[in-house]
Amino acid sequence: MSALAPVGWRMEPDRFWVGAMECRVLVHGRGRGTPAWMFPDVPADRRAELTAPYLDAAGEFEFVYASLIVRAGDRVAVVDTGPPASSDGSEPGIVGALAAIGVTPTDVDVVVSSHGHLDHIGGLTTAGEATFAGVRHIVHQRELEYWTTGLEANGGAASLFRPVMEAGLIEAAGGEHEVLPGVRLLPTPGHTPGHLSVAITSGREHALYVGDSLAHEVNVTEPDWNHFSDMLAGPAIRSRRALVERAARDGSIIVGSHMTTRGRITRRSGGGFLYRPDAALHAPTTAAATHDGTDGLR
Ligand SMILES: [Zn+2]
């Protein structure tokens, strides 16, 4: 490594620093989709024009399933636990992915779930018990209510949240607050009723984990494009705009749950925003794993 490399620069695309805090993106698996599937409400000609740079010869783009791990001093936060481990072993789940970077569940101090879709909470339980025994788990109050009562009370999300609730490990979050020094929850409702993003700050450096608020890189320049599974259209757009504004203002590194790059956002002279990828996140953290595309992503 050259002595002239900028502070914080590293060769590893899935590992970066925010001031003194180490961040790791765990890529659980990958999939492919089409713009018409992901953004069904966007006029076809505009959608085709603006997504063209991301598409392969088959007209598809790639996405990932990712979690973010933040190490703040001797404290460790896990943000999203990804899809469940696959029965054929090709996707080891959160415990296997953490093991690949030398972290065990007992090293973890807090688990944040951005929202209750199964590709984000699949690792909350193992064989019906909380995977992270004795660890604080944070979910937004509205999210927890949505997935554990009423129509969803017997659904897949409830079956993952309930053992963690019954073990007394869930803290229901309301407004913006810090869960570890420098790790702050940002309520960003819209994709789901209580979707959470996470802001990481150390010194003058910042990162933002945007979860599914930004489903794809094109959402930086097109924050009004809702994703097929955004539940509340107006709030989803407002939250996306607020995140893009915040990232541009702070020079944040942004990481999404399904974006294949991490990068930064700048204001474009004349209005709007530009996205500049810093690194591709194409390498799964463990053995190569591929979803068939349009089934699991939420
Ligand atoms: Zn998702």
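Residues numbered from 1 in each chain as written. Predicted model: local features only at pLDDT ≥ 70, side-chain atom pairs only at ≥ 80, totals over all residues.

**Q** Whenever I open this one, the overall build of the protein chain confuses me. Can you help?
**A** Along its length, the protein chain carries eight helices and 16 strands. The burial tally for the protein chain puts 48% of its 298 residues in the buried class. In the protein chain, 68% of the contacts between residues at least 6 apart in sequence involve partners at least 24 apart. (Helix = DSSP H or I, 4+ residues; strand = E, 2+ residues; numbered from the N terminus. Buried ≥ 20, exposed ≤ 12 C-beta atoms within 10 Å, placed from the backbone. Contact = placed C-beta atoms within 7 Å.)

**Q** Got a minute to help me understand unusual backbone geometry in this structure?
**A** For residues that are not glycine, phi is negative in most cases, and the peptide bond is trans in most cases. At Asp 80, a position not held by glycine, the phi torsion is positive, near 75°. Structurally, the position occupied by Asp 80 is in the loop between β4 (75-79) and α3 (93-99). Phi at Ala 127 takes a positive value of approximately 50°, unusual for a residue other than glycine.

**Q** Even after reading the chapter, I still don't get the nonpolar core, so can you show me in this structure?
**A** Soluble, globular proteins show a tendency: their nonpolar side chains are buried together. Cys 23, Val 70, Ala 77, Val 112, Val 198 and Ile 200 are the most contacted members of the largest nonpolar core, which has 71 residues in total. The element that contributes the greatest number of residues to this core is strand β3 (residues 61-72), accounting for nine residues. Excluding anything up to four places from it in sequence, Ala 77 contacts Val 70, Asp 109, Val 110, Val 112, Val 179, Leu 180 and Val 183. (Core = buried A, V, L, I, M, F, W, Y, C linked by C-beta atoms within 7 Å.)

**Q** Mind showing me how you'd approach the sheet that holds strand β5 (residues 110-112) here?
**A** On the basis of which strands lie adjacent, the open sheet formed by seven strands has the order β1-β2-β3-β4-β5-β8-β9 and mixed pairing. Both edges of this open sheet fall to β1 (15-18) and β9 (170-173), since each of them pairs with a single strand only. Ignoring strand direction, the axes of neighbouring strands in this sheet form an average angle of 25°. When strand β8 (residues 136-140) meets β9, the two strands line up parallel, connected through four bridges. Its bridge partner being in β9, Ile 138 is matched across the sheet by Glu 171. (Pairing = 2+ DSSP bridges. Axes fitted to C-alpha atoms, helices over the stretch in contact; angles between N-to-C directions.)

**Q** What am I meant to see in the packing of helix α5 (residues 141-148) against helix α6 (residues 156-166) here?
**A** Two packed helices can be described by the angle between their axes and the distance between those axes. In the contact formed by α5 and α6, the axes pass within 8 Å of each other and the chain directions differ by 120°. Put simply, α5 runs oblique to α6. The chirality of how α5 crosses α6 is left-handed. Between α5 and α6, the contacting residues are Leu 144, Trp 147 and Thr 148 on the first element and Ala 157, Ala 158, Phe 161 and Arg 162 on the second. Class assignment of the residues belonging to the contact of α5 with α6 gives a composition of five nonpolar, one polar and one charged. (Parallel < 35°, antiparallel > 145°, perpendicular 65-115°, else oblique. Left-handed = near helix turned anticlockwise from the far one by under 90°. Nonpolar A, V, L, I, M, F, W, Y, C, P; charged D, E, K, R; others polar.)

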